[in-house]
There are 2 protein chains.
Amino acid sequence: MSKTYLYSEIAENLAEQIRNGSLQEGDKLPSVRMLCAEYEVSMNTAKRVFLELEAQSLIYSKPQSGYFVSSLSYKDLPLPEESNPILLANQCAPNDILQKVYANIGREDILLLSYTVAYGDMLPIAQLKKEIVQATRALPTGGVQYERVEGNVNLRRMVAMRSLSWGAHLKEDDIITTNGGMNAVSLCLIALSKPGDTVAIESPCYPGILQLALGLGLKVFELPTNPNTGVKVEALREVASKIDICILISNYNTPVGSCMPDENKKEIVELLAKHDIPLIEDDVYGDLCFSGHRPNCCKTYDTTGNVLWCSSISKTLAPGFRVGWVAPGKYKDKVLKKKLVHSISSSALEQEAVANFMKSGKYDKHLRQLRKRLYQNYQNYANVVKQSFPKNIKICQPQGGLSLWIEFGEEIDTIALYDAAIKRGISIAPGRMFTLQDQYNNSMRLCFGLSWSSNLESKLKQIGILAKQLEKLNS
Amino acid sequence: MSKTYLYSEIAENLAEQIRNGSLQEGDKLPSVRMLCAEYEVSMNTAKRVFLELEAQSLIYSKPQSGYFVSSLSYKDLPLPEESNPILLANQCAPNDILQKVYANIGREDILLLSYTVAYGDMLPIAQLKKEIVQATRALPTGGVQYERVEGNVNLRRMVAMRSLSWGAHLKEDDIITTNGGMNAVSLCLIALSKPGDTVAIESPCYPGILQLALGLGLKVFELPTNPNTGVKVEALREVASKIDICILISNYNTPVGSCMPDENKKEIVELLAKHDIPLIEDDVYGDLCFSGHRPNCCKTYDTTGNVLWCSSISKTLAPGFRVGWVAPGKYKDKVLKKKLVHSISSSALEQEAVANFMKSGKYDKHLRQLRKRLYQNYQNYANVVKQSFPKNIKICQPQGGLSLWIEFGEEIDTIALYDAAIKRGISIAPGRMFTLQDQYNNSMRLCFGLSWSSNLESKLKQIGILAKQLEKLNS
């Protein structure tokens, strides 16, 4: 594992206090000298702590006075309400808008705020290129021949080892690799559902899951979801007798960014096990915690093998590699069979490269940097929203992930906003994409996985201007 | 394009005459001197022609007498009859035996005659490793970022260009890349079928297709199939009003190795278009023609966009890369949407590497060598079967591909043969895998994509010995 610098640990401590409110806007920080004494470090180290926090926009310096906690004025902005979808299975897919938005994947002439991926210099591209070259040389047949259906053993071993950090104790044999996280969810759902079954999900929900379920002939039950704590446990309890399967993005979900508290995770796992309802847990954002403390998963509390834990490196490291995995618990044989039938095996090369990247400690180092930059991005986005968006805005407060969910006043239709923004080379994700019901029409999701720049800042402001124009038009 | 040597062209001419029977067993070949005169080549070139044919076991030399056409004594062996499945949709999957056989994928301690792939030095592994390294360097983001849903543009361009050689005129925009050929078929079937639909297939049929169809809740109609010319057109005509979709492996199919004549392809395409039944054409073996003349596809005769042509390089170049594609005709939007939902995008790296390998001419060069070796392997296998297997054997006569379908007398159950063989480190594919009905119990498929060796030869003989023991036991 790569070493952590002392200054960076101390900075993280202070950052955590700012994030959790122990240190508030305008609070004075200890002086350099005090920091030296408190942590028993050198002057140089103490100075680097402040430079680090300043670089993250968390503090600012006043000449002759010292360092102060920055204004996080966006923190006044209210949270959206808990969602309140109709509790009925329901099939009205927003096909037109999905088609429009997803047609932009991979385009380079558009600022893509519409998909939750990290872009450009947020990803360690040069390092990964080297890793691929090495994997090509190291693999006995260069990845040219089929590997076992379960997938690359080194990757499965690394994923198992990393599961210790969130309280699971997976073994390599518990894991099957897949062509990315969505492919893992897809194989699980194909393996465990039959047409006509009902699947329960969060609302709003990642559109890929909605489309997948509809495509397999499933009925979809959208559940009330809290913007901080995720799906409402009581709601799930209420519908438990009417559903056959459940899919949840437990940590920093998209679009609202909620993270289920441990007690909710535990309760849901027990509830679903009792009713023998399999839980497909999509945990692709779990490693993107701002605080550095990686949250547990539902899988952590799974004692019966009823949780199918799906994840990938698509959100954290290399979307284009299509490297994901699933720990399907007691459903392993079923999922393995579906992988065989739908794609025979997966590509060994990228799996081996990712495994080596993890093994060398480079992945953890990269995660530390990425988390910091994402948190900073989130703050920058939120500040622009506060300053340049219409006044009656509501905004989620994610503690990790890549998604910022923004709710406008009711006079703003975000599909109209999409149409106006795309003409200016900006792609956003309108709220209607995230539901099968007639709701979230005045919400949108922005991805904050892009490298911060003045161009990005001005484009975000432009969205605000467009929103204000729409507001005027319709009021 | 890489150059072809003169000697190799002349050798191919003569080989073709031997294969098609113009030159028969024991026939004397022209002398070296005569060959020089006929083709206006040097003595050295003429000598290399004979060495080449000798190396392919097609001819042998008698001292002082010259060269003679080798004994292809296996040619006396009778063909299996046309298959005669019950014409009823039917769902009895051979799960146990499938599970047993497929659990061996990627194992290195077993001689894998059970899957149709080319192995080891049949594949240009070192060249492909270089190609990957170059692609990693050449791709702007090293394949780390998502690419467009349609897939790598260079690969789609090369596939389109190559389609000219079999009479199609595809353009890059007609093509979507996939995670291998089976993934292409899977996406098409998911896009076009709904549970309860009926799909028509050849019988015997590739087990992956049977499993895929059952898994999607489809009913399966097995059609009578001729070991040389493939599915019976009349049979398809008869059931056309009862089926919703059709999947055919048109060229060198597995397991029987049949190749549909052009007139059958044309007739079937017209028939299905008339009834508005989509045809998913699986053409993964088309490039593996022994003769060097690549057969047309059903897609060649598709004037309405009703044929979804699927192929890959899994059988010809690099199974582990998971690079395939589909030209879905008028169903392109539907298939594209399913690709997005089930795996978002595909891995750019291997696609780029394969595209460059094609572009440089290395793929065609490799195909020429591979075809020769596969033909030679087929002959070697057939000779062992003739010499060492029970007397009342029937055997298919593929003109390409990787599959040899062998029918024993009725007293031999090939599942029992599998059990005996696997104990000796040999995996075969019992006939029952290839149907949902109670048939083909005395047939098996062997893959001849392995490098020929004395170990392989002795293992094949061992299968013969085991079969004879089973015969004795049960007669």
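Keep in mind that this is a model prediction, so the values were computed, not measured.

### Focus: the sheet that holds strand E5 (residues 198-202) of chain A
All names here are of chain A.
Phase 1 of the analysis: With respect to topology, seven strands assemble into an open sheet ordered E4-E12-E11-E10-E9-E5-E6, the strand pairing being mixed. Where the open sheet ends on each side, the last strands, each with one partner, are strand E4 (176-178) and strand E6 (219-223). Strand-to-strand twist of the sheet, defined as the mean angle between neighbouring strand axes without regard to direction, takes the value 20°.
Phase 2 of the analysis: By the bridge criterion, three bridges tie E5 to strand E9 (residues 245-248) in an arrangement that is parallel. The residue bridging Ile201 from the neighbouring strand is Ile247, located in E9.
Phase 3 of the analysis: Where helix H6 (residues 153-162) meets the sheet, its contacts fall on E4, strand E11 (307-312) and strand E12 (324-327), and the angle it forms with E4 comes to roughly 110°.

### So, the interface of chain B and chain A
Phase 1 of the analysis: Contact residues are listed per partner, giving 62 residues for chain B and 62 residues for chain A.
Phase 2 of the analysis: Approximately 4900 Å² of surface area, both sides summed, lies buried where chain B meets chain A, with 62% of it carried by carbon and sulfur atoms.
Phase 3 of the analysis: Among the residues of chain B in contact with chain A, Ile105(B), Val144(B) and Tyr146(B) are the three that bury the most area, contributing 14% of the side total.
Phase 4 of the analysis: Counting across the chain B and chain A interface gives 17 residue pairs in polar contact (both at pLDDT 80 or more).
Phase 5 of the analysis: At the level of secondary structure, the elements contributing two or more residues to the side of chain B that touches chain A comprise helix H4 (95-102), helix H5 (125-138), helix H7 (181-192), helix H8 (207-215), helix H11 (332-343) and helix H12 (348-359) of chain B.
Phase 6 of the analysis: It is H5(B) that contributes the most residues to the side of chain B that touches chain A, seven residues altogether.
Phase 7 of the analysis: Each residue belonging to the side of chain B that touches chain A can be placed in one class, and the counts come to 30 nonpolar, 22 polar and 10 charged.

### Some thoughts on the domain arrangement of chain A
Phase 1 of the analysis: According to the domain assignment, chain A consists of domain 1 (6-71), domain 2 (75-121 + 364-474) and domain 3 (126-363).
Phase 2 of the analysis: When each unit is reduced to the centre of its C-alpha atoms, the spacing between domain 1 of chain A and domain 3 of chain A is 37 Å.

### Let's talk about the pairing of strand E10 (residues 279-282) of chain B
Residues and elements named next belong to chain B.
Phase 1 of the analysis: Side-chain alternation along E10 places Leu279 and Glu281 on one buried face and Ile280 and Asp282 on a second face that is also buried.
Phase 2 of the analysis: Across three bridges, the pairing between strand E9 (residues 245-248) and E10 is parallel. Each bridged residue has a counterpart across the sheet, and for Ile247 the counterpart in E10 is Ile280.
Phase 3 of the analysis: A crossover connection joins E9 to the parallel E10 through helix H10 (residues 262-274); in handedness this β-α-β unit is right-handed.
Phase 4 of the analysis: Examined bridge by bridge, E10 and strand E11 (residues 307-312) share four bridges and lie parallel to one another. Bridging across to E11, Ile280 finds its partner in Leu308.

### Some words on the environment of Gln369(A)
Phase 1 of the analysis: Here Gln369(A) is to be found in helix H13 (residues 362-388).
Phase 2 of the analysis: For the pair formed by Gln369(A) and Met122(A), sequence separation is 247 residues and the distance between their alpha carbons is 8.7 Å.

### Re the sheet that holds strand E16 (residues 429-430) of chain A
Residue and element names in this part refer to chain A.
Phase 1 of the analysis: On the basis of which strands lie adjacent, the open sheet formed by four strands has the order E13-E14-E17-E16 and antiparallel pairing. Strands at the two margins of the open sheet, each flanked by one partner only, are strand E13 (394-395) and E16.
Phase 2 of the analysis: Summarising the sheet, E16 and strand E17 (residues 443-447) pair through two bridges and their orientation is antiparallel. Note on E17: the bridge partner recorded for Ala429 is Arg445.
Phase 3 of the analysis: Strands in contact with H13 are E13, strand E14 (403-407) and E17; relative to E14, the strand with the most contacts, it is inclined by about 15°.

### What to know about the packing of helix H8 (residues 207-215) of chain A against H11(B)
Phase 1 of the analysis: For the pair H8(A) and H11(B), the least separation of the axes is 9 Å and the interaxial angle reads 120°. It follows that H8(A) is oblique to H11(B) by the angle criterion. The chirality of how H8(A) crosses H11(B) is left-handed. In this structure, H8(A) uses Gly208(A), Gln211(A), Leu212(A) and Gly215(A) to contact H11(B), whose residues at the interface are Lys337(B), Lys338(B), Val341(B) and His342(B).
Phase 2 of the analysis: Residues of the contact of H8(A) with H11(B), tallied by class, amount to two nonpolar, four polar and two charged.

### Looking at the relation of the copies chain B and chain A
Phase 1 of the analysis: Between the two copies, chain B and chain A, the superposition gives an RMSD of 0.2 Å; the rotation angle is 179° and the shift along the axis is 0.1 Å. This pairing of chains is accounted for by a two-fold axis. Among all residues of chain B, the minimum C-alpha distance to the rotation axis is found for Val133(B), at 2.8 Å.
Phase 2 of the analysis: When you check the interface residues of chain B against chain A, 100% turn up at the interface there too, and the contact is symmetric in its surfaces.

### A word on the environment of Met433(A)
All names here are of chain A.
Phase 1 of the analysis: Position of Met433 relative to the elements: it lies in the loop between E16 and E17.
Phase 2 of the analysis: Using a relative accessible area of 0% as the deciding quantity, one classes Met433 as buried.
Phase 3 of the analysis: Taking the C-alpha atoms as reference, Met433 lies 6.0 Å from Pro207; in sequence the two are 226 residues apart.
Phase 4 of the analysis: Discounting chain neighbours no more than four positions away, the residues touching Met433 are Pro94, Ile97, Leu98, Val101, Tyr102, Pro207 and Leu210.

### Some words on the pattern of salt bridges
Once their charged atoms are close, side chains differing in charge can pair, the charge on each being opposite to the other.
Phase 1 of the analysis: Evaluated as defined, the whole model comprises 36 salt bridges over all chains.
Phase 2 of the analysis: A salt bridge links Arg157(B) to Glu172(B), with the shortest nitrogen-to-oxygen separation between them at 2.7 Å. Here the residue Arg157(B) occupies a position in helix H6 (residues 153-162), and Glu172(B) occupies one in the loop between H6 and strand E4 (176-178), the gap between them amounting to 15 residues.
Phase 3 of the analysis: Its relative accessible area of 39% is what places Arg157(B) among the partly exposed residues.
Phase 4 of the analysis: Two residues, Glu267(B) and Arg237(B), come together in a salt bridge whose shortest N-O distance is 2.6 Å. Of this pair, Glu267(B) sits in helix H10 while Arg237(B) is found in helix H9 (residues 233-239), placing the two residues 30 residues apart along the sequence.
Phase 5 of the analysis: Accessibility expressed as a relative area gives 33% for Glu267(B), which makes it partly exposed.
Phase 6 of the analysis: What makes Arg237(B) partly exposed here is its relative accessible area of 42%.
Phase 7 of the analysis: One salt-bridge network, held together by shared partners, links Glu82(A), Lys232(A) and Glu234(A).

### Concerning the environment of Leu51(A)
Phase 1 of the analysis: Along the chain, Leu51(A) falls in helix H3 (residues 43-55).
Phase 2 of the analysis: Taking C-alpha positions, Leu51(A) is 21 Å from Gly21(A), a pair spaced 30 residues apart along the chain.

### Details of the side chain of Asp282(B)
Residues and elements named next belong to chain B.
Phase 1 of the analysis: Secondary-structure assignment places Asp282 in strand E10.
Phase 2 of the analysis: We note that Asp282 is buried and unpaired, the nearest opposite charge coming from Lys315 at a distance of 8.1 Å.
Phase 3 of the analysis: Among the polar contacts made by the side chain of Asp282, one reaches the main-chain amide nitrogen of Val284 at a distance of 3.4 Å.
Phase 4 of the analysis: Not counting the four nearest positions on each side in its chain, Asp282 is found in contact with Val185, Ile209, Leu248, Ile249, Ser250 and Cys310.

### Observations concerning helix H3 (residues 43-55) of chain B
All names here are of chain B.
Phase 1 of the analysis: Spanning 13 residues, H3 covers 18 Å between terminal C-alpha atoms, matching the ideal 18 Å at 1.5 Å per step.
Phase 2 of the analysis: Those residues of H3 that sit buried are Thr45, Ala46, Val49, Phe50, Glu52 and Leu53. Along the axis of H3, the buried positions cluster into a sector of 160°, meaning they face one direction only. Projecting away from the buried face of H3 at angles above 90 degrees are the exposed residues Asn44, Leu51 and Ala55.

Procedures and definitions
Residues numbered from 1 in each chain as written. Chains lettered and ligands numbered in written order. Predicted model: local features only at pLDDT ≥ 70, side-chain atom pairs only at ≥ 80, totals over all residues. Heavy atoms only, no water. Pairing = 2+ DSSP bridges. Helix = DSSP H or I, 4+ residues; strand = E, 2+ residues; numbered from the N terminus. Axes fitted to C-alpha atoms, helices over the stretch in contact; angles between N-to-C directions. Contact = heavy atoms within 4.5 Å. Buried area = accessible area lost by both parts, 1.4 Å probe. Polar contact = N/O pair within 3.5 Å; in protein donor to acceptor, adjacent residues only side chain to side chain. Nonpolar A, V, L, I, M, F, W, Y, C, P; charged D, E, K, R; others polar. Domains from an automatic or database assignment. Buried < 20%, exposed > 50% of the residue type's maximum accessible area, 1.4 Å probe, protein only. Right-handed = clockwise from strand over helix to strand, strands pointing away. Parallel < 35°, antiparallel > 145°, perpendicular 65-115°, else oblique. Left-handed = near helix turned anticlockwise from the far one by under 90°. Least-squares fit on C-alpha atoms with pLDDT ≥ 70 in both. Salt bridge = Lys/Arg side-chain N within 4 Å of Asp/Glu carboxyl O. Lys, Arg positive; Asp, Glu negative; His and termini not counted. Expected span 1.5 Å × (residues − 1). Arc of directions from axis to C-beta.

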